Amino acid sequence: MSENLIQKEPRIFSNDLPPVGPIAFGLWRYTTDDLYEATKLLDTAIELGMNLIDNADVYGFDWGGEGFGACEELLGRVIKAKPDLRDQIVLSTKGGIVPPVPYDSSRQYLRSACEASLKRLQVEQIDLYQIHRPDIYTHPSEVAEVLDSLVSEGKIKTVGVSNYSPNQVSVLSSHMDAPLVATQPEFSVNCLTPLRDGTFDQCLSTGMVPLAWSPLSGGKLATGDGIRPELIELLDELSVRESVDRATIAIAFILANPAEPIPIVGTQQTSRLRELAKATGVNLTREDVYNLIEASDGVPLP
Ligand SMILES: NC(=O)c1ccc[n+]([C@@H]2O[C@H](COP(=O)([O-])OP(=O)(O)OC[C@H]3O[C@@H](n4cnc5c(N)ncnc54)[C@H](OP(=O)(O)O)[C@@H]3O)[C@@H](O)[C@H]2O)c1
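Residues numbered from 1 in each chain as written. Predicted model: local features only at pLDDT ≥ 70, side-chain atom pairs only at ≥ 80, totals over all residues. Heavy atoms only, no water.

(A) Region of the structure containing the site of the ligand. Looking at the ligand, there are 28 residues lining it, with Arg29, Asp54, Ser214, Leu216 and Thr267 nearest. Trp28 is positioned with one of its backbone polar atoms (N or O) 3.0 Å from an oxygen atom of the ligand. Interatomic distance of 2.6 Å between a side-chain N/O atom of Arg29 and an oxygen atom of the ligand. In isolation the ligand has 900 Å² of accessible area, and contact with the protein removes 89% of it. Among the elements of the structure, β8 (262-265) and α11 (270-277) are those that each provide at least two residues to the shell around the ligand. Split by residue class, the shell around the ligand holds ten nonpolar, 13 polar and five charged. (Near = heavy atom within 4 Å. Polar contact = N/O pair within 3.5 Å; in protein donor to acceptor, adjacent residues only side chain to side chain. Areas by Shrake-Rupley, 256 points an atom, 1.4 Å probe, with all protein chains shown as cover. Helix = DSSP H or I, 4+ residues; strand = E, 2+ residues; numbered from the N terminus. Nonpolar A, V, L, I, M, F, W, Y, C, P; charged D, E, K, R; others polar.)

(B) Fine view of α11. By the burial criterion, the buried members of α11 are Leu273, Glu275, Leu276 and Ala277. Turning to α11, the residues buried within the fold contact β1 (24-26), α1 (35-47), α10 (246-255) and β8. (Buried < 20%, exposed > 50% of the residue type's maximum accessible area, 1.4 Å probe, protein only. Contact = heavy atoms within 4.5 Å.)

(C) Expanded view of the nonpolar core. Formed by 87 residues in total, the largest nonpolar core has its most connected members in Tyr30, Leu75, Leu147, Leu172 and Phe253. With eight residues, α10 is the single largest residue contributor to this core. Apart from the residues within four sequence positions on either side, Leu147 is in contact with Leu110, Tyr129, Ile131, Ile156, Val159, Leu172 and Met176. (Core = buried A, V, L, I, M, F, W, Y, C linked by side-chain atoms within 4.5 Å.)

(D) Spatial organisation of the sheet that holds strand β3 (residues 90-95). Read around the closed barrel, eight strands run β1-β2-β3-β4-β5-β6-β7-β8, paired in parallel fashion. Between one strand axis and the next, the sheet turns by 30° as a mean value, whatever way the strands run. As paired strands, β3 and strand β4 (residues 126-131) are joined by four bridges and run parallel to one another. Its bridge partner lying in β4, Ser92 is registered against Leu128. (Pairing = 2+ DSSP bridges. Axes fitted to C-alpha atoms, helices over the stretch in contact; angles between N-to-C directions.)

(E) Main features of the packing of helix α9 (residues 229-242) against helix α12 (residues 286-297). Running from N to C, α9 and α12 point in directions that differ by 155°, and their axes come no closer than 8 Å. In terms of their interaxial angle, α9 and α12 are classed as roughly antiparallel. When the axes of α9 and α12 are compared, the crossing they make is left-handed. Along the contact surface, α9 presents Glu230, Leu231, Leu234, Leu235, Leu238 and Arg241, while α12 presents Asp288, Asn291, Leu292, Ala295 and Ser296. (Parallel < 35°, antiparallel > 145°, perpendicular 65-115°, else oblique. Left-handed = near helix turned anticlockwise from the far one by under 90°.)

(F) Here's a closer look at the pattern of salt bridges. Under the counting rule described, the total for this entry stands at 17 salt bridges. The shortest N-O distance in the salt bridge between Lys82 and Asp43 comes to 2.9 Å. A residue pair is termed long-range when its members are at least 10 positions apart, and Lys82 in the loop between α2 (70-81) and β3 and Asp43 in helix α1 qualify at 39 residues. Accessibility expressed as a relative area gives 33% for Lys82, which makes it partly exposed. Notably, a salt bridge pairs Asp297 with Arg196, separated by 2.8 Å at the nearest N-O pair. Note that Asp297 is positioned in helix α12 and Arg196 in helix α6 (residues 193-196), a separation of 101 residues in sequence. (Salt bridge = Lys/Arg side-chain N within 4 Å of Asp/Glu carboxyl O.)

Geometric descriptors of this kind do not, in isolation, establish any biological role.
Written out as structure tokens, the structure is:
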């Protein structure tokens, strides 16, 4: 059998942050009103090595939440009740989506958004602050200036972006003093864009860490809804071979890339977090990943 491609080592964003596990826990759907359940989810993620916790100010606005800021507020209440948790996580959040505008990265807005996130999270500093979506009507020099000042004031430790094209990353970087340490595109075996649009190439050349959002395509790769039958068939074959769930093979596919992406899993069930954590123990070969890409595309590679 050829070599196992799974990249299971911790990821390093910068010397200023502790290493993070190869799988992260996302809080888009962290909308329970039960503080005990919310704490248990966070405890389980940490226990499984998913110490990067990905939030955003807009989480709670949709997906069963109580409104803009609700998922940050809930995490803030969990940390307040159990302060030891703060040092066990790398706390990541995002700003810049403003319904119904929809995007604002102006100096004044980003500063106020970041300060509001700090208040809701009840912390002194955000470890990784990401621009959620590019606001193409703010000059990147203005975005860079406010991000650099938030770093120098100690409100945020490091900076990342999400849903930025590689060119947008380069332009913002060229105006910044602080490095961009992370980029967060959608990536899964059902959404292969970062393999082909230069996102992962840029990470390999700059050292930026890619964070993969909706790694199960929002659950579709687990349920099979709307996914090519040949892809589901292959995921199922591999899941029998590796003795894990189909969803866990889909997470392992992400871990196999040499850019060392971190899948941000979004399940709100501790048993599913435990199952997905097994992805680091899966073996995927070069032939397996190319077969998965062909099954996802529905056509053979040239
Ligand atoms: N930057 C951005 O623009 C952006 C956009 C979207 C998401 N994100 C980030 O990515 C994270 C993950 O996104 P996501 O929630 O769409 O991720 P996902 O892991 O692709 O999907 C999770 C969803 O799949 C469901 N699911 C069904 N069967 C499952 C199974 N067997 N195992 C696991 N989950 C199963 C889960 O339901 P249960 O909870 O019932 O298990 C949950 O609703 C978010 O929390 C957020 O941090 C970022």
